[in-house]
Amino acid sequence: MPTTVDPIDTKDRAAVVSAYTNSYLPTVGVAMGWTGDHASCTPGATSSAYRDATILRTNYYRAMAGVSGTVVFDATLDADYQSAALMQAKNAPPLDHNPPVTWLCYTVGGDDASEDANLALGNGGAEAVGAYMDDNGLTYAGHRRWVLYPIQVTMATGSVSSPQIANALGVIVPGGYGSVDAYSETVLGNGWLSHPDFVRAVCWPPPRYCPYQILPANSKMWSLSIHANASPDFSAATVTMTKDNGATPVTANIQALEVGYGDKTLVWEVPSISYAAPGADTDYEVTVGNVGIGTRSQKQTFTYTVTVIDPSA
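First things first, this report covers the structure right here in the doc. (Residues numbered from 1 in each chain as written. Predicted model: local features only at pLDDT ≥ 70, side-chain atom pairs only at ≥ 80, totals over all residues. Heavy atoms only, no water.)

Digging into helix α1 (residues 13–24)
Note: α-helices contain 3.6 residues per turn, so residues at a spacing of three or four share the same orientation.
Then step 1. For α1, built from 12 residues, the straight-helix expectation of 16 Å at 1.5 Å per residue is met to within 8% by its first-to-last C-alpha distance of 15 Å.
Then step 2. When we look at burial in α1, the residues that qualify are Val16, Val17, Ala19, Tyr20, Ser23 and Tyr24. Projected onto a plane normal to the axis of α1, the buried residues spread over an arc of 165 degrees and lie on a single side.
Then step 3. Those residues of α1 that are buried lie in contact with α2 (48–64), β6 (208–211) and β13 (298–309).
Then step 4. One side-chain oxygen at the N-terminal end of α1 lies 3.0 Å from the backbone nitrogen of alanine 14; it belongs to aspartate 12. (Helix = DSSP H or I, 4+ residues; strand = E, 2+ residues; numbered from the N terminus. Expected span 1.5 Å × (residues − 1). Buried < 20%, exposed > 50% of the residue type's maximum accessible area, 1.4 Å probe, protein only. Arc of directions from axis to C-beta. Contact = heavy atoms within 4.5 Å. Polar contact = N/O pair within 3.5 Å; in protein donor to acceptor, adjacent residues only side chain to side chain.)

Focus on the pairing of strand β4 (residues 166–170)
Then step 1. Counting buried positions along β4 yields five of five residues, so the element is predominantly enclosed.
Then step 2. Burial along β4 is two-sided: the face carrying Ala166, Ala168 and Gly170 and the face carrying Asn167 and Leu169 are both buried.
Then step 3. In terms of strand pairing, strand β2 (residues 117–121) meets β4 through five bridges, oriented antiparallel. Across the sheet, the residue bridging to alanine 117 is glycine 170, located in β4.
Then step 4. Summarising the sheet, strand β3 (residues 154–160) and β4 pair through five bridges and their orientation is antiparallel. Its bridge partner being in β4, serine 159 is matched across the sheet by asparagine 167. (Pairing = 2+ DSSP bridges.)

Section: the sheet that holds strand β1 (residues 72–73)
Then step 1. Spatially, the four strands line up as an open sheet ordered β1-β3-β4-β2, and their pairing is mixed. Two strands in the sheet have a free side with no partner beyond their single neighbour: β1 and β2.
Then step 2. Across two bridges, the pairing between β1 and β3 is parallel. Residue pairing in the sheet places valine 72 in a bridge with threonine 154 of β3.

Some details on the state of the cysteines
Then step 1. For the structure shown, the criterion picks out one disulfide.
Then step 2. Across the disulfide from cysteine 41 sits cysteine 105; the S-S distance is 2.1 Å. Between cysteine 41 and cysteine 105, the disulfide has an S-S torsion of -75 degrees and is therefore left-handed. In this pair, cysteine 41 is assigned in the loop between α1 and α2 and cysteine 105 in the loop between α3 (78–91) and α4 (108–115), connecting sequence segments 64 residues apart.
Then step 3. Judged by relative accessible area, cysteine 41 falls into the partly exposed class, the value being 33%.
Then step 4. Residue cysteine 105 is classed as buried on the basis of its relative accessible area of 12%.
Then step 5. Cysteine 210 supplies the cysteine sulfur nearest to cysteine 203, a cysteine that is in no disulfide, at a spacing of 11 Å. (Disulfide = S-S within 2.5 Å.)

With respect to the packing of aromatic side chains
Then step 1. Under the defined criterion, the tally for this structure stands at eight aromatic pairs.
Then step 2. Feature note: the residues Tyr20, Tyr24, Tyr60, Tyr61 and Trp204 constitute an aromatic cluster, connected by ring pairs.
Then step 3. When the ring centre of tyrosine 209 is taken as reference, the NZ or CZ atom of arginine 208 above it lies at 4.9 Å. (Phe/Tyr/Trp six-rings, centres within 6.5 Å; stacked < 30°, edge-to-face > 60°. Lys NZ or Arg CZ within 6 Å of the ring centre and 35° of its normal.)

A closer look at α4
Then step 1. Considered for burial, the residues of α4 that qualify are Gly109, Gly110, Asp111, Ala113 and Ser114.
Then step 2. On the buried face of α4, the contacting elements are α3 and β2.

Some thoughts on the pattern of salt bridges
Any two side chains of opposite charge can pair, on the condition that their charged atoms come close.
Then step 1. This model, assessed by the stated rule, comprises four salt bridges.
Then step 2. A salt bridge links arginine 13 to aspartate 281, with the shortest nitrogen-to-oxygen separation between them at 2.9 Å. With arginine 13 in helix α1 and aspartate 281 in the loop between β11 (264–269) and β12 (282–293), the pair connects residues that are 268 residues apart, well separated along the chain.
Then step 3. Here arginine 13 falls in the partly exposed class, since its relative accessible area comes to 24%.
Then step 4. The class for aspartate 281 is partly exposed, based on a relative accessible area of 36%.
Then step 5. Arginine 51 is the salt-bridge partner of aspartate 78, the closest N and O atoms lying 2.4 Å from each other. In this pair, aspartate 78 is assigned in helix α3 and arginine 51 in helix α2, connecting sequence segments 27 residues apart.
Then step 6. A relative accessible area of 12% means that aspartate 78 is categorised as buried. (Salt bridge = Lys/Arg side-chain N within 4 Å of Asp/Glu carboxyl O.)

Have a look at this one:
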């Protein structure tokens, strides 16, 4: 299967359905083919098809969010992430990004990989990536922020199977980050802060047509990220949501701000809408206001609509 995803025009319903059909559905139900063993602490490896499905699912989410869908896995790092996944499976819960040397199946490489990874228990491969994007239990959406980090170019992966399934997705890896986008008046000229195209946001769920299957149905956490070089200030930000062209108010509960996970991000809980298959395309209008941008903290408002669809309808 392919492992990269071309840019997706989310304003085009047919394009969104095509991307879901061709880049999401092929990642469902792929056999792990794990060759390792829990009892002997053998990290093993997964099938190439399973590994491909994992990166394809990652790139699908990224392309839907409007960032590069061309991230690749570095195979030279996979052994350490296999060790990390096995260590987590043997000793968790809880998951631990800094496992002690007393852990069963401990290795130095697995320890290092655990520190630089998204970690999942009970899910492997592509399904773990889906869990990271939902990010249930993390009100700051830290796993999601790493998956969608725009300048990420390289990741790594490791998964193990029963009796305990686990995944380690390497998101902070050597050489994993590309060049940083420039956000400065020196580069862009006076007045750039007043032009919304110069400060882009990465939103999840993504603006315009969005399959209901990729909504954060468990966490119910929505998010908007802006690169740190734009000096975003969310401390006074507001979120207003409505349904069906403003006809119905929608509750949006802003969560506490946390830094240190990919881009700076505002997260809000949307608890009262349906995350199931819609009977018809359903619009949710989002306005994120009073966002400070740049060293002068000039205010910018982001307004967009998420249209939830059933791609099979």
